[in-house]
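Observations on the model geometry
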Amino acid sequence: MAEERATPFAARTVTVAPGDSRLHDEDEWQGTLIVVESGEIELRCRAGGRRRFAAGAVLWFTGLDLASVHNPGDEPAVFRGISRER
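Below is a summary of the structure that appears in this document.

**Quick look at the environment of A77**
The topology assignment puts A77 in strand β8 (residues 77-84). Residue class for A77 comes out buried when judged on its relative accessible area of 0%. Here A77 is in contact with V14, T15, V16, S38, G39, E40, I41 and N71, once residues within four sequence places are set aside.

Now the structure itself:
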């Protein structure tokens, strides 16, 4: 019989309502891989730049000088962060 081991990864899901934004905290997402599960998110940088990512996109938030994550769509935007257990 195979021995089961606890996975060394942590996951958390964030939902942003249509038209809402979530302020970005760099430390919160350090070393985290982000997967957009549904809807669309727009990353808004402090310098004014913006980029949109739809369901299926895989990205990171570290080192981008983000101000917020915004949902420009008509449906909830859901993204999941996956990181190593700390």
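**A word on the environment of P8**
By the secondary structure assignment, P8 is in the segment before β1 (9-16). For the pair P8 and R84, spaced 76 residues apart in the sequence, the C-alpha separation amounts to 5.9 Å. Ignoring anything within four residues of it in the chain, the contact list for P8 reads S83, R84 and E85.

**Focus: unusual backbone geometry**
Positive phi, close to 55°, is recorded for D65, a residue that is not glycine. Tracing the sequence through the fold places D65 in the loop between β6 (58-59) and β7 (66-70). On the accessibility criterion, D65 (44% relative accessible area) is partly exposed.

Cut-offs and rules
The residue numbering used here restarts from 1 in each chain and proceeds along that chain's sequence as written. For this predicted model, a pLDDT threshold of at least 70 governs which residues receive local features, and a threshold of 80 or more governs which side-chain atom pairs are given and counted, while totals over whole chains, interfaces and linings are taken from all residues. Neither water nor hydrogens contribute to the side-chain values; these are computed over all heavy atoms in the structure. Numbering of helices and strands starts at the N terminus; helices are DSSP runs of H or I of at least 4 residues and strands are runs of E of at least 2. Throughout, exposure labels follow a simple rule: accessible area from a 1.4 Å probe, protein chains only, divided by the maximum for the residue type, with under 20% read as buried, over 50% as exposed, and the rest as partly exposed. The contact rule is simple, with two residues in contact once any of their heavy atoms fall within 4.5 Å.

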